[in-house]
Amino acid sequence: MKSAFLLGAASIALASPALGQTAAATANAEVEVIVVEATHTKLNAFEYPGMTSTISAETLDLGRPADLDDLLRQLPGMEIAGGPRRTGQSPSLRGQGRENTTLLLDGARQNFGSAHDGALFVDPSLLVGVESVRGSASALYGSGASGGVISLRTANARDLLADDESWGFSLGAGTRSVDEEVRGSASLYAQSDRFDLLASVSRRQSGDIALGSGDDLPADDAATSGLVKLGVEAAEGVRLELSWQGFDSEVIEPNNAQGVAGVDSLNALVEKDVSSDNLAFNLSASPSGLSWMDLDLTVYRNTTGVDEAELVSGRQLRRDLETTGLRIDQRFAFQLGQFDAGLTIGGEYYEDTQDGFDSAEVGGVRGGAPDASSQFTAGYTQLELEGPAPLGLPGRIILLPGIRHDSFETSSSLAADTSSNATSSRFAATYAPSDNFNVFASWGEGFRAPSINELYLDGTHFSLPHIILGPPVFISNRFIANPALLPESTETIEAGFSLDLADHFDNVDRLEMRAAWFETDATDLIDLDVTFAFDPGCFTPPFFLPCSAGTTQSSNVSAARLSGFEAEIKFERGPFALDASLSDVDGEDTVSGEPVGASTPTRLYLDGRWTLASQRLTLGARAELAGDFDEASDPASFRDGYSVLDLYTRWQPFAGHGLSLNAGVENAFDTDYERVFAGVSEPGRSLRLDVTWSQNF
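Quick caveat: nothing in here was measured; it's all calculated off a predicted structure.

This part takes up the overall build of the protein chain. Each helix and strand in the protein chain was counted, giving six helices and 35 strands. For the protein chain, whose C-alpha radius of gyration is 26 Å, the value lies close to the compact-globule estimate of 26 Å for 697 residues. Structurally, the protein chain occupies a C-alpha span of about 85 × 55 × 55 Å along its principal axes. Here the protein chain holds 697 residues, and 54% of them are scored as buried. Here the contacts in the protein chain between residues at least 6 apart in sequence split such that 66% fall between residues at least 24 apart. Total accessible area on the protein chain stands at roughly 28200 Å², and carbon and sulfur atoms take up 59% of it. Separation between the mean location of the 46 positive side-chain charges and that of the 101 negative ones in the protein chain comes to 4 Å.

In structure tokens form, the structure reads like this:
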């Protein structure tokens, strides 16, 4: 059981001022209301039968996130594992890790995932919005979406310009003290009646990370990011958009960057070159002359690679993943009796091709990164019905059934090819007896196909000095391929409510509450089975050889159950606004009773802002409070609860566009706390300062 704890914190802040808001902030305010990208519906988010959240351009501007953890930690049910280093961070939703969390960037899948090398490579300064939907989403997104979907959107010129503006620019610079980071950025954008173009570049450079424990975590990171986006209004209601987003980072750190790992004989100091190129084409077509057409098409190619060079031995390692994909959706709106109906029909194809290399292995085979490819082909449909409640009940009802069928095949020269298929169904409903209250429930199936790395593990997992001969004689634990792996399958039920109380209080502009409980049953979970055992030859004189340290293989384990709750409150009254979320995730093996999954303690997140519009000033505070964590089989993994406070402010001294000064104090009380792993301290107090000059014409 998680220990109870007091939910209390003071948050004082200033909300986003109406003066000086960019077109991007205004546009993204609508994303708060209409859920489209991650759910493929056009339902009001208050009425959607599931838990969704958005991070607006205004929130991004006030917080100025520096990495994946800064960007996403405010989302309920979200955990960013891996520790403080950027390249070690990996997301999980509702207790399900990176393999069960689908990441989208401008609609394109981001499939790279490595425990040691990171998951997503994009500078947060390029983003204008983030949307998440939690719970089983496989009925729309297929393999690896049973935890949920995170959709990120980069800016285009129309986000940053008003209708009567033709071009503009933005220059920015910033620093923060916890890792001595310095950053700079420049953007130029323009639009005409039919065309719009944006070009942006940014650079970040940082060093060792000062932890709350007083220690410094060795890190040396320099990253350059770029974005070019061209949009064409081909006809009324028809938009074409071509974009390229690139990332290149040079890092010096231990091979395994997670946690507070140091350098030793099993974790060499390496120079990493992390690169990512994302090319995407998007078509949105709902021409006025064709009332039946409401089409979205995304074609993309992503190439992500990590090259490593061990500084002492000179050993070279490489991991490259190329993803090519296409997704098309057509939505039909019509009347079905008394119901307003929307039918989405779509298809998807994507292919992952991986290439690994290790100069220290025979044939260059890199352990954990086999040469292999996988292809997925899918078709899906979702029906959206909204109309009067049945049986004479007051109010309205929303029904949302959906189904998807996936066929997938994976091949490698290392072992036999494997293929399979899966069908994922979903049904969700909302009953709203009034406009300010509704209850919702959903049931959904999900699956995750075994990844390339899990199917075709090969090479060395780890090496140790010979137990008798010692260095320079080493023995290894070897990976073994398992093409017989079965897909993971999940079944999720969820129930919740939405409540709008703004009309019950004087001078309250907004007071909305949403809460849900969920439970996910998973079978055939894919786990890494490490058999650590020495050969008899290790103890046989006179040579004490051959000798090995066992084998490692992916395998399906029995079953698990994940459960938890989420709650969100949004409050606005005049110049004051407050966003709050409360979440909890538990997981256990249903056979052994042992904890499994990325369980989290009960966690409260608060973000309050106060607006002085006349001075164009925003003051704010964010607080995160967590209970004790004791959901682990090993008591050494228990963690104490914590309370962390961040302060931030933004001042825009001139009306309209122009100078913007952002400052903040993160972890204001220099708290030493452990959020992800026991023994892994988070960054200590950090002072942040950002200066931006933007001007539109």
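The pairing of strand E27 (residues 488–500) with strand E28 (residues 510–531) spans twelve bridges and is classified as antiparallel. By the bridge assignment, Thr492 is partnered in E28 with Thr520. Of the strand pairs in this sheet, E28 and strand E29 (residues 551–573) are connected by 21 bridges, and their pairing is antiparallel. The partner of Thr520 across the bridge, within E29, is Leu562.

Below, the discussion takes up the environment of Ser114. With respect to the element layout, Ser114 can be found in the loop between strand E7 (108–109) and strand E8 (127–134). Each C-alpha atom of the pair Ser114 and Gly368 lies 9.4 Å from the other, and the pair is 254 residues apart in sequence.

This part takes up the state of the cysteines. Applying the stated rule across the entire model yields one disulfide. Two residues, Cys538 and Cys547, share a disulfide whose sulfurs are 1.8 Å apart. A torsion of 95 degrees about the S-S bond marks the disulfide between Cys538 and Cys547 as right-handed. The exposure classification of Cys538 matches that of Cys547, with both residues buried.

What follows is about a nonpolar patch on the surface. A surface patch of nonpolar side chains, amounting to about 930 Å² of accessible area, comprises Ile467, Ile468, Leu469, Leu528, Val530, Phe532, Phe534, Phe539, Phe543 and Leu545. As for its position among the elements, Phe539 is in the loop between E28 and E29. On the basis of relative accessibility, which here comes to 47%, the residue Phe539 falls in the partly exposed class.

On to the pairing of strand E20 (residues 339–358), then. Pairing of strand E19 (residues 316–336) with E20 involves 20 bridges; the strand directions are antiparallel. When the bridges of E20 are listed, Arg327 appears paired with Glu348. The turn linking E19 back onto E20 is made up of two residues, and Gly337 within it adopts a positive phi angle of 65 degrees.

Moving on to the sheet that holds strand E9 (residues 148–154). Strands sit in the order E3-E8-E9-E6-E7 across an open sheet of five strands; the sheet is mixed. Whereas interior strands pair on both sides, the edge strands pair on one side only; in this sheet they are strand E3 (52–55) and E7.

Okay, the side chain of Thr344 next. Position of Thr344 relative to the elements: it lies in strand E20. Setting aside its immediate chain neighbours within four residues, Thr344 contacts His40, Asp329, Gln330, Arg331, Tyr380, Thr381 and Gln382.

Attention now goes to the pattern of salt bridges. On inspection of all chains with the given rule, the structure shows 57 salt bridges. The salt bridge involving Glu310 is made with Arg315; its shortest N-O contact spans 3.3 Å. For Arg315, a relative accessible area of 28% puts it in the partly exposed group. A salt bridge links Arg688 to Glu666; its shortest N-O distance comes to 3.6 Å. With Arg688 in strand E35 (residues 686–696) and Glu666 in strand E34 (residues 659–666), the pair connects residues that are 22 residues apart, well separated along the chain. What you see here is one network of salt bridges that share partners, running through Glu58, Asp61, Arg64, Arg183, Arg650, Glu666, Arg688 and Asp690.

What counts, and where the lines are drawn
- Residues numbered from 1 in each chain as written.
- Predicted model: local features only at pLDDT ≥ 70, side-chain atom pairs only at ≥ 80, totals over all residues.
- Heavy atoms only, no water.
- Helix = DSSP H or I, 4+ residues; strand = E, 2+ residues; numbered from the N terminus.
- Rg over C-alpha atoms; globule rule 2.2 N^0.38 Å.
- Buried < 20%, exposed > 50% of the residue type's maximum accessible area, 1.4 Å probe, protein only.
- Contact = heavy atoms within 4.5 Å.
- Areas by Shrake-Rupley, 256 points an atom, 1.4 Å probe, with all protein chains shown as cover.
- Lys, Arg positive; Asp, Glu negative; His and termini not counted.
- Charge placed at Lys NZ, Arg CZ, Asp CG, Glu CD.
- Pairing = 2+ DSSP bridges.
- Disulfide = S-S within 2.5 Å.
- Patch = residues over 30% accessible without salt bridge, like charges linked within 9 Å, V, L, I, M, F, W, Y side chains within 5 Å.
- Salt bridge = Lys/Arg side-chain N within 4 Å of Asp/Glu carboxyl O.

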